[in-house]
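Observations on the model geometry
For reference, the chains in residue letters:
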Amino acid sequence: MPEFERLRRLRGNKSLRDLFAETVLMPRHFVYPVFVKDGLSKPEPISAMPGQHRYSPDMMPELAGEVAGHGVGAVLLFGLPDKKSPGAESCYDPDGVVQRSIRLIKESVPEVLVMTDVCVCAYTDHGHCGLLAGTRVDNDTTLEVLAEMAVSHAQAGADVVAPSSMMDGQVAALREALDANNLSEVPVMGYSAKFASAYYGPFREAADSAPSFGDRASYQHDARNARHSEREILSDDAEGADILMVKPGLAYLDVLCRARQLTRKPLAVYNVSGEYSMLKAASQAGLLDERKVILETLTAFRRAGADLIITYHALEASAWLTSN
Ligand code: PBG
Ligand code: ZN
C-alpha cells in the first residue's frame, strides 16, 4: 500500500461530520433587507426578485414580528420616497418613509435591530448616489447630505447606519456628525468594498434607483481590483467603521477572505439582489435544488469570513435551518 492520508475518517457518518464542522450558519447571522414605500394597501411584489415585496410603514410591526419569530436579529431598511429632487432633501425628512418605519419597528418589536442604508440614489431625481456638480458626482457636498440622513435615521431610533454611496470619507463624515449630535453609541457599518456590479440590477427595480445617465463606475469599486479593495477596507477601518462590508458576495469571496486577514473588526457580506434572483430563477426552472443551493451559498459566506450576511434569503433560510 502506498502511504496516504485517510481524510475520509473524519467524515464517515453524520455525527462525525457534525463534530468536526468548522463553520456555523444560524438565523442570527442574517440581516433582512426591507424596501419601504408609502401608499400600499398590501405588500407589493418585486417582479425582478421572486418572493420579495415592498412594504409600507404600517406593515412594519407585523413584518418585524415575523423577522423576530424566525430568529433573525436585524433588518436593513431602504426607502422609496414620494419626492425625488436634485438635492435629495427628502432623505433627511424626520417624517420620511424610512424614519417612520424605524419608529414603528422600535415601538412594536424593539429587539429587532434596525439598520438603515444611507445613500441618496433613491432620493435624487437623476438616480446617482451623490449630488451632481455638472455631470460629475461631487464627493464632499454629498458627505454633508449623507451625514444629515444618518443623523435623522439615528434620531428616529436606528440601531446601525450604513453608508453605501462609496463617497470617500463617508464613514468619517457619519461618525463625526453622529458624535456631534449625542449619538456616539450608534455604530456605523461601512459598505467598504462595494463593487460596481451588474448583480445590483434587480435591486434598482426594487428601489427605483437606477441612474438616469451614465453608470456608477466613478464611485463604486472596479471588479478587476483586489489590492485596491484592501485599501477600501483599511480606510473604512481607519475612519472608525464598526463593521466593514464586502459587496456583492459570491463573485467576491476572495475579497472577503482578504478582508478577514486585514482587520479584527466584524465583517458583513451583502448577498445582493442579482445573486438572489439567479438562484430563485434556476430553482424555479427546476435546474437546482433550491434549499440545498441556498444554504450551501450562505455557508460559503461564513466560511470565507463573514460575521453577518445581508440576504433576501434570510427568512426562508432561517426556516430551513430550524426545521432540520
Ligand atoms: C444603494 C444600494 C444599492 C444596493 C444597496 N444599496 C444599489 C446600487 O448601488 O446601485 C444593491 C443591493 C442589491 O443589489 O441587493 N447605493
Ligand atoms: Zn446609492
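Per chain, the residues get numbers from 1 upward, laid out in the order the sequence is written. Chain letters and ligand numbers both follow the written order, the letters beginning at A and the numbers at 1. Only residues with pLDDT of at least 70 get local features here, since the model is predicted, and only at 80 or more are side-chain atom pairs given and counted; chain-wide, interface and lining totals rely on the full set of residues. With hydrogens and water set aside, each side-chain value is computed from the structure's full complement of heavy atoms.

Below, the discussion takes up the packing of aromatic side chains. Ring geometry is summarised as follows: Phe, Tyr and Trp rings, the Trp one being its six-membered ring, pair when their centres sit within 6.5 Å, and such pairs are stacked at plane angles under 30 degrees, edge-to-face over 60 and tilted between the two. Counted according to the given criterion, the structure contains eight aromatic pairs. Ring geometry for Phe78 against Phe203: centres 5.0 Å apart, planes inclined by 75 degrees, an arrangement best described as edge-to-face. Placement of Phe78 in strand 4 (residues 74-80) and of Phe203 in helix 6 (residues 201-206) is noted, with a sequence separation of 125 residues between them. One exposure class covers both Phe78 and Phe203, and it is buried. The way it works is that DSSP assigns letters per residue, a run of H or I at least four long becomes a helix, a run of E at least two long becomes a strand, and they are numbered from the N terminus. When a residue's accessible area, from a 1.4 Å probe over protein chains only, is under 20% of the maximum for its type it is buried; when over 50% it is exposed; and in between it is partly exposed.

Our focus in this paragraph is the site of ligand 1. Neighbouring residues are identified by heavy atoms, a residue being near a molecule or strand if any of them is within 4 Å of it. Of all residues adjacent to ligand 1, which total 18 residues, the nearest are Lys194, Arg204, Lys247, Ser273 and Tyr312. Note that an oxygen atom of ligand 1 is positioned 2.8 Å from one of the side-chain N or O atoms of Lys194. Two N or O atoms form a polar contact when they lie within 3.5 Å of each other; inside protein one atom must be a possible hydrogen donor and the other a possible acceptor, and for residues adjacent in sequence the pair counts only when both atoms belong to side chains. Between ligand 1 and Tyr312, the relevant distance is 2.6 Å, taken from an oxygen atom to a side-chain nitrogen or oxygen of the residue. Computed with the Shrake-Rupley method and a 1.4 Å probe, the accessible areas treat only the protein chains shown as cover for residues. Here ligand 1 has 400 Å² of accessible area as a free molecule, and 100% of this is covered by the chains. Its residues assigned to classes, the shell around ligand 1 shows ten nonpolar, three polar and five charged. Asp, Glu, Lys and Arg are counted as charged, while Ala, Val, Leu, Ile, Met, Phe, Trp, Tyr, Cys and Pro are counted as nonpolar; the rest, among them Gly, fall into the polar class.

Note that water is not among the atoms used; donors are N, O and S atoms within 2.8 Å of the metal (3.2 Å for Na, K and Ca), so sites may look incomplete. For the zinc ion (ligand 2), the protein coordination sphere consists of Cys119 (SG), Cys121 (SG) and Cys129 (SG), at 2.2 to 2.3 Å. Under the classification used here, a metal with four donors is tetrahedral if each angle lies between 85 and 135 degrees, square planar if opposite donors are over 155 degrees apart and the others between 65 and 115, a six-donor metal meeting that same test is octahedral, and anything else is irregular. One can describe the site at the zinc ion (ligand 2) as tetrahedral: its four donor atoms subtend angles covering 103 to 116 degrees at the metal. In the primary structure, the donors to the zinc ion (ligand 2) are separated according to the pattern C-x1-C-x7-C. In this pair, the class of Cys119 matches that of Cys121, namely buried.

Mapped onto the secondary structure, Pro86 falls in the loop between strand 4 and helix 3 (97-108). Under the relative-accessibility criterion, Pro86 is labelled exposed at 52%. In the structure, Pro86 is positioned 42 residues away from His128 in sequence and 9.7 Å away in space, judged by C-alpha atoms. Excluding residues that lie within four positions of it along the chain, Pro86 makes contacts with Thr124, Asp125, His126 and Leu131. Contact between two residues is taken to exist if any of their heavy atoms lie within 4.5 Å; hydrogens are not considered.

What follows concerns helix 2 (residues 60-69). Within helix 2, the full set of buried residues consists of Met60, Leu63, Ala64 and Val67. An end-on view of helix 2 places all buried positions within 100 degrees of arc, on one side of the element. In helix 2, the exposed residues that point more than 90 degrees away from the buried face are Glu62 and Gly69. Of the residues trailing helix 2, Gly71 is marked for its positive phi of about 85 degrees. Relevant arc is that of directions from the helix axis to the C-beta atoms, nothing else.

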